[in-house]
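Coordinates in review
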Amino acid sequence: MKKPSLLLDVDEVICFSMYLEYINEFLQESYSIDDFTEYYLEESVIPKEKMEEFNKFIAEKNLYEKPTILPGAIESIKKLSEYYEIFICSDCINPFAKENSGIMYKNKYDFLYRTFSQDIIPCKNYIFTGTKDIFVADVQVDDLVRNFGSNVPKKILFPSYHNKEVPEEFLKEKGIIRAGNDWREGWNILEKKLIDNFDEKQLKLKKTVFK
Ligand SMILES: [Mg+2]
């Protein structure tokens, strides 16, 4: 029997890229991720007149050289791979600098390749796209609500600085559940939801998790 498929996001779920570190370096500031509530960090703090200069500055950086791995992510993904076939589903385009985004595909690929062995997430399972809502899978984990489509029955919102205010009613309507409210605890809760509720005979998640 085939394992159920799991679409797994990278940014703000597996890791925080070095984007904020470079924003701090550029502005000579010391922001932390919890200072933000909007998804696009640069929109909140980079003055419009400095945006072009910042995009040039960031274009030369490898944002995945030393990203911050979220607590428990690697260990949980290893465990999850025993139950699910994991597909990376991740956007690589910086909407503020589309012309310089090609390098993000390489840098993210290299990061994933060196972080996860081929028996955990084979590189043939990397999907790099901003159009995530077209995919069909059994489970999807992402921190951005707009990335969930109607082709995935089990959708889990990973907690992040920018999604705390998403109304519960809205999530309920879309059939999305939260993996807690704090990114530090996200993997702990996600692992429990995806493994403790796994029906080993049927090879699928029990429906009760989504009630
Ligand atoms: Mg993300």
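Residues numbered from 1 in each chain as written. Predicted model: local features only at pLDDT ≥ 70, side-chain atom pairs only at ≥ 80, totals over all residues. Heavy atoms only, no water.

Using the criterion set out here, one finds 10 salt bridges in the structure. Put simply, D34 and R184 hold a salt bridge, and the shortest N to O gap is 2.3 Å. With D34 in the loop between α1 (19-27) and α2 (41-45) and R184 in the loop between β8 (176-178) and α7 (186-196), this pair connects stretches of sequence that are 150 residues apart. Residue classification places R184 among the partly exposed residues on the basis of a relative accessible area of 38%. A salt bridge links D110 to K106, with the nearest nitrogen and oxygen atoms 2.7 Å apart. In this pair, D110 and K106 are both assigned in helix α5 (residues 102-115), four residues apart and thus about one turn of the helix distant. Taken together, the shared-partner salt bridges connect D9, K132 and D142 into one network. (Salt bridge = Lys/Arg side-chain N within 4 Å of Asp/Glu carboxyl O. Helix = DSSP H or I, 4+ residues; strand = E, 2+ residues; numbered from the N terminus. Buried < 20%, exposed > 50% of the residue type's maximum accessible area, 1.4 Å probe, protein only.)

Turning our eyes to something else, we now look at α1. Y19, L20, Y22, I23, N24 and F26 are the residues of α1 that are buried. Considering only its buried residues, α1 is in contact with α2 and α3 (51-59). Phi for Q28, located one or two positions after α1, is positive at around 55 degrees. (Contact = heavy atoms within 4.5 Å.)

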